[in-house]
Amino acid sequence: MFRKIVRFFGPEWGAAVMGTAALSITLQLASEVARPFSVLLYIGLGFYLLTTIMFVLFLIPWLLRFIWFPDEIAKDLKNPVRANFFPTMPISFILAGTGTNKLGPILFGPTIAYNLAIVFFFVGAIGVFIFGFLLMRNQYLNTNLEIEHANFTWFIPPVSHLIIPVLGACSMDVHWAETGLAPWLFIISMIALGVGFFSFLFVGAAVWHRYIYSSVPEGRLAATTMVAIAPTAIIVVFLIKFAEAIEAAHGALFGLKFAAVFPVIQISSSILWGFSAWWLVFTAILFIHYISSSQHPVSFAWWAYTFPLEAFAVATGLLAKAVATQLLHPLLILLNVMAVAAWAIVVFSTLRWLQNGAYFEGDRRKSSLHPALIAVGLTIILFPFVAGTAIFQIMPSRHYSVSYDMQSQSNDSKKGIAQYNLELKWTFLPDWQYKPLLVKKDEYMVFIFHYTNHSDFVEHIAPSYSFSTPLGIRRPANEEIAAYIEDSVENETGFISQTPFSFSIPAHTTRHYIATFEKPRELAEFDVLIELSDNQGWLLHYENTGTGWVNPTNSLLRKTSCEWPRPKQRTTPTDQSTPSCRLAPERIVNPPVRLGNRLKGSSALM
């Protein structure tokens, strides 16, 4: 029986993994952007666990089919529809890596999660390029290919290439921005982006021509119309994640400047998102046409309704962060509800498709869904919600907090670093502990930055944050960990964080932002750089006296012609060299107020 299952286990089954994996990502993003829906983070984790189970169960017969039934593989590769589904399994690797990058730290901490995501990246990228070349070869050498064979499944190979740079940008954002792996991630991502983008244009023209001058998709392929949403939506996701990767490197990512690139990305992303939204409406119009004419039979192709809609939801959430608007937040929640509903319907439809005999290509029979399969469907659908809710209740870090003093780090006459009409103050929690579910707890350094606008106009800012030490360690703020602990930090301190990395500050108002940094094991001193624009920023300096942290100096920086200050290697612990980059720093020395290891303080300068 198992051999028979393997024989008929077509390449399209990767689409089911895709449609489930993307749900974990969009729910995690919804919890971050459209608060107070933080519980969605754990529902997303439930979908991540379900994706892992599906991925393993589907990968085994998918691989065995290449070994046991190479003739079936060759037959599928020549099919103008089924051949295009082969990249769905490599796409599943990329999506599994993206989910691991975003949700893995909840289970086994950031170090394991980020390294595992890189493995998924390279395996998935290799698979995508291999099948991309195979499909191109078959299309060019197939003399029997007619214009009537063009269909929306042809968008899947371009989508498979476009999804690679998404994981590449996510990896550079949280951990790998300034490592030796970053150039590889960047080059592979850019090559894949170029292949996917231009292939999308070429294929789109061919498919558009076919469906305008010939017949519309037949009923069994009606759902594939939805696939056309994915390319532009995925490009939106990549562009904004790439902006965050540049932000993580503070404008030093291969010479790209965040302040120069970000406005272009905002405009480009909005335009591309608009096309995806337009096509979603068009798909709905065609869907009504097929339903009203009873030309939409149940088939496995219905999974095409899941991943593109989820990709559009992710693009919507990231665009909400990038343009700092509340307008898209309700739409994001609505899209998530639609995506979960579509996924649940497709799960039951797939079970009915299996029951009707379509899997083994036998005599298809129509019948109502068997009660046992209804139970299976309900189990699959309820699993993410039950697992996510259970983890939400038992997750130790959600209830964990660190005690601290209410001491101030500066005297009352020096209350912040002021730049024009914008003043910065901050709260520092040096040893906040985060406990993943499966590994031991770890300590992080948490800053809550308080931005006060003293002008009569709205200030729009997109600050970025990095952490560096004299020993050469340089890291961006870890947004994933910050999102996990945000609720606890807010409950302890009373400050509500602004989650978008770009946000507006109304006149005479204060806004807060929580930034979390991974804490090295041996740490004597460090700097935190807050880059406010392309040529201005703040540099905070901390030293460990053995009994606690002191904040002796800070600087208001104005950059001239080179990069932001990087840590210098020190030959001795007493070497007091200072980062410099032809800056015009306005340095002020704070009183050496000593603090305990568990504290709340605010450092202030004029």
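Up top is the structure these notes are about.
Read on for an overview of the structure.

Structural notes on the packing of aromatic side chains
- As enumerated under the stated definition, the model contains 51 aromatic pairs in all.
- Look at Trp-208 and Trp-279: their rings are 5.8 Å apart centre to centre, the planes differ by 55°, and that puts the pair in the tilted class. In this pair, Trp-208 sits in helix H7 (residues 182-213) while Trp-279 sits in helix H9 (residues 258-292), placing the two residues 71 residues apart along the sequence.
- In this structure Trp-208 comes out as partly exposed when scored by relative accessible area, which is 44%.
- Over the aromatic face of Trp-68 sits the side chain of Arg-3, whose NZ or CZ is 4.8 Å from the ring centroid.

Comments concerning the pairing of strand S2 (residues 422-434)
- Of all 13 residues making up S2, twelve are buried, and the element is well covered by its neighbours.
- Two elements, S2 and strand S3 (residues 442-453), share eleven bridges in a ladder whose sense is antiparallel. Across the sheet, residue Gln-433 finds its bridge partner in S3, namely Glu-443.

With respect to the pattern of salt bridges
- According to the stated counting rule, one finds ten salt bridges in the structure shown.
- For Glu-72, the salt bridge identified is with Arg-7, shortest N-O distance 3.4 Å. Of the two residues, Glu-72 is situated in helix H4 (residues 70-78) and Arg-7 in helix H1 (residues 2-7); the sequence distance between them amounts to 65 residues.
- The class of Glu-72 is buried, set by a relative accessible area of 17%.
- With a relative accessible area of 36%, Arg-7 lands in the partly exposed category.

Some remarks on the packing of helix H5 (residues 88-141) against H7
- Viewed as axis vectors pointing N to C, H5 and H7 meet at an angle of 35°, and their least axial separation amounts to 12 Å. Along this stretch, H5 crosses H7, giving a crossing that reads as left-handed. Every residue of H7 that contacts H5 at Ile-118, Phe-121, Phe-122, Ala-125 and Phe-129 is listed here: Leu-185, Ile-188, Ser-189, Ile-191 and Ala-192.
- Looking at side-chain class alone, the contact of H5 with H7 contains nine nonpolar, one polar and no charged residues.

Observations concerning the side chain of Glu-518
- Mapped onto the fold, Glu-518 is located in strand S8 (residues 509-518).
- One polar contact links Glu-518 to Asn-478, side chain to side chain, over a distance of 3.0 Å.
- In contact with Glu-518, other than residues within four places in its own chain, are Tyr-114, Val-174, His-175, Tyr-444, Phe-467, Arg-475 and Asn-478.

So, the side chain of Thr-153
- Looking at the secondary structure, you find Thr-153 in the loop between H5 and helix H6 (156-176).
- The class for Thr-153 is buried, based on a relative accessible area of 0%.
- Non-local contacts of Thr-153, meaning those with residues more than four positions away in its chain, are made with Pro-80, Val-81, Asn-84, Phe-85 and Thr-224.

Description of the nonpolar core
- By size, the foremost hydrophobic cluster in this structure holds 154 residues, and its most contacted members are Ile-164, Ile-234, Phe-307 and Trp-343.
- Of the residues forming this core, the biggest block, 21 residues, is contributed by H5.
- Beyond its immediate chain neighbours, meaning those up to four positions away, Ile-164 contacts Ile-94, Phe-121, Ala-125, Val-128, Phe-129, Ile-188, Ser-189 and Ala-192.
- One finds Phe-517, Phe-526, Leu-540 and Trp-549 within the second-largest nonpolar core, a separate group that totals 27 residues.

A word on helix H11 (residues 328-355)
- Between its first and last C-alpha atoms H11 spans 40 Å; for 28 residues at 1.5 Å apiece the expected length is 40 Å, and the two agree.
- Looking at the residues trailing H11, positive phi occurs at Gly-357, about 90°.

Overview of the environment of Lys-425
- The residue Lys-425 is located in strand S2 in this model.
- Take Lys-425: its relative accessible area is 29%, and that puts it in the partly exposed class.
- Separated by 23 residues in sequence, Lys-425 and Ile-448 place their C-alpha atoms 8.5 Å apart.

Thresholds applied
- Residues numbered from 1 in each chain as written.
- Predicted model: local features only at pLDDT ≥ 70, side-chain atom pairs only at ≥ 80, totals over all residues.
- Heavy atoms only, no water.
- Phe/Tyr/Trp six-rings, centres within 6.5 Å; stacked < 30°, edge-to-face > 60°.
- Helix = DSSP H or I, 4+ residues; strand = E, 2+ residues; numbered from the N terminus.
- Buried < 20%, exposed > 50% of the residue type's maximum accessible area, 1.4 Å probe, protein only.
- Lys NZ or Arg CZ within 6 Å of the ring centre and 35° of its normal.
- Pairing = 2+ DSSP bridges.
- Salt bridge = Lys/Arg side-chain N within 4 Å of Asp/Glu carboxyl O.
- Axes fitted to C-alpha atoms, helices over the stretch in contact; angles between N-to-C directions.
- Left-handed = near helix turned anticlockwise from the far one by under 90°.
- Contact = heavy atoms within 4.5 Å.
- Nonpolar A, V, L, I, M, F, W, Y, C, P; charged D, E, K, R; others polar.
- Polar contact = N/O pair within 3.5 Å; in protein donor to acceptor, adjacent residues only side chain to side chain.
- Core = buried A, V, L, I, M, F, W, Y, C linked by side-chain atoms within 4.5 Å.
- Expected span 1.5 Å × (residues − 1).

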